[in-house]
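# Observations on the model geometry
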Amino acid sequence: MAKVIVITSGKGGVGKTTSCASIGTGLALMGHKTVMIDFDVGLRNLDLIMGCERRVVYDLVNVIQGEASLHQALIRDKRADSLFMLPASQTRDKDALTEEGVAQVIAELSKDFDFILCDSPAGIERGAQLAMYFADEAVLVTNPEVSSVRDTDRIIGLLQAKTRLVEQGGKVKEHLLLTRYDAKRVAEGEMLSLEDVQEILAVPLMGLIPDSEAVLKASNKGVPVIHESDSDAGLAYQDAVARLLGEERPLRFAEPEKTGLLSRLFGGGRR
């Protein structure tokens, strides 16, 4: 049986879809057959991050409504053979998603995959609730900002109250992924620290992703940043995926980068 993991956040624009793409890619590169489902009906972006937008023919809603088979709708990644994506619809309404339909899709995918990643829309509307309902685990993506952390706390409440596992007497395992972290700004008091966020949310840390130009550059190229293994963000996502799988790794990028005289004179930021 596949492990179902929802990638979720309370606030939009925190790097959730970027994170889903890199986590899915990382799992596949480690040999795990992985599928990512985009639940953001009407505003899909996962296909853009993965660089396969021109290959989308059928989508999640087509499958749920019986207009296409899973085999027809799934898109295989060109860089990792064991990674697939099921895109969201851009033209349908979110009400096209049904609990029964999503349950059937996940049940079918569970027969063939090790991991099913559900890329949730931000917020608490229907698509987000369905994305998290069937989850075994949740990756909570947040920025070190008060509004983002507060909204994530609300999502934790939903995970602990409105999921299938909870209804069965269980609990969704939660992981914190802190993105766009700038240790220098934290030191200057302009941003919440890692310790602040952990104290508020009380969720085990899966990864800390530094604020990095590499993320935007990779997204614009349609390449998950985890492939950029010479970048700080790429390394941070590799660490995060390893921790998701139970491996212990030292935490990087939590402290301000030490720069030499030449770097201070001529500038230089994170790659």
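Scroll up to find the structure this text is about.
In this report, we go over the structure that sits alongside the text. (Residues numbered from 1 in each chain as written. Predicted model: local features only at pLDDT ≥ 70, side-chain atom pairs only at ≥ 80, totals over all residues. Heavy atoms only, no water.)

## Some details on the overall build of the protein chain
- When helices and strands are counted, the protein chain shows 13 helices and eight strands.
- The globule rule puts the C-alpha radius of gyration for 271 residues at 18 Å, and the 18 Å found for the protein chain is close to it.
- In terms of its C-alpha atoms, the protein chain occupies a principal-axis envelope of roughly 65 × 40 × 35 Å.
- With 271 residues in all, the protein chain has 53% of them scored as buried.
- The contacts in the protein chain between residues at least 6 apart in sequence include a share of 75% that link residues at least 24 apart.
- Between the mean site of the 32 positive side-chain charges and the mean site of the 40 negative ones, the protein chain shows a separation of 3 Å. (Helix = DSSP H or I, 4+ residues; strand = E, 2+ residues; numbered from the N terminus. Rg over C-alpha atoms; globule rule 2.2 N^0.38 Å. Buried < 20%, exposed > 50% of the residue type's maximum accessible area, 1.4 Å probe, protein only. Contact = heavy atoms within 4.5 Å. Lys, Arg positive; Asp, Glu negative; His and termini not counted. Charge placed at Lys NZ, Arg CZ, Asp CG, Glu CD.)

## Points about the pattern of salt bridges
- In this structure the tally under the stated criterion is twelve salt bridges.
- The salt bridge partner of E137 is K3, with a shortest N-O separation of 3.0 Å. Note that E137 is positioned in strand β6 (residues 137-142) and K3 in strand β1 (residues 3-8), a separation of 134 residues in sequence.
- Residue E137 is classed as buried on the basis of its relative accessible area, which comes to 6%.
- Between D151 and R150 there is a salt bridge, with the nearest N and O atoms lying 3.7 Å from each other.
- Residue classification places R150 among the exposed positions, given a relative accessible area of 57%.
- In this structure, a network of salt bridges that share partners links the residues D239, E247, R249 and R252. (Salt bridge = Lys/Arg side-chain N within 4 Å of Asp/Glu carboxyl O.)

## Re a negative patch on the surface
- On the surface, E195, D196, E199 and E255 cluster together to form a negatively charged patch.
- Positionally, E255 belongs in the loop between α12 (232-244) and α13 (261-266).
- Overall, the relative accessible area of 60% leaves E255 in the exposed class. (Patch = residues over 30% accessible without salt bridge, like charges linked within 9 Å, V, L, I, M, F, W, Y side chains within 5 Å. Areas by Shrake-Rupley, 256 points an atom, 1.4 Å probe, with all protein chains shown as cover.)

## Topic: the packing of aromatic side chains
- This model, assessed by the stated rule, comprises two aromatic pairs.
- Here Y133 and F134 contribute two aromatic rings whose centre-to-centre distance is 4.9 Å and whose plane-to-plane angle is 90 degrees, an arrangement assigned as edge-to-face.
- Overall, F134 belongs to the buried group, its relative accessible area being 4%.
- Over the face of the ring belonging to F113 we find K33, whose NZ or CZ atom lies 5.0 Å from the ring centre. (Phe/Tyr/Trp six-rings, centres within 6.5 Å; stacked < 30°, edge-to-face > 60°. Lys NZ or Arg CZ within 6 Å of the ring centre and 35° of its normal.)

## What to know about helix α1 (residues 16-29)
- Taking 1.5 Å per residue as the helical rise, α1 with its 14 residues ought to reach 20 Å, and the 20 Å between its terminal C-alpha atoms agrees with that figure.
- The element α1 is extensively covered by neighbouring structure, given that 13 of its 14 residues are classed as buried.
- Phi turns positive, to about 95 degrees, at G31, one or two residues after α1. (Expected span 1.5 Å × (residues − 1).)

## Re the packing of α1 against α12
- Axis separation between α1 and α12 bottoms out at 9 Å; the angle between their running directions is 65 degrees. Like other packed secondary-structure pairs, α1 and α12 cross with a definite hand, here right-handed. Within the contact between the two elements, α1 uses T18, S19, S22, I23, G26 and L27 and α12 uses Y237, V241 and L244. (Axes fitted to C-alpha atoms, helices over the stretch in contact; angles between N-to-C directions. Left-handed = near helix turned anticlockwise from the far one by under 90°.)

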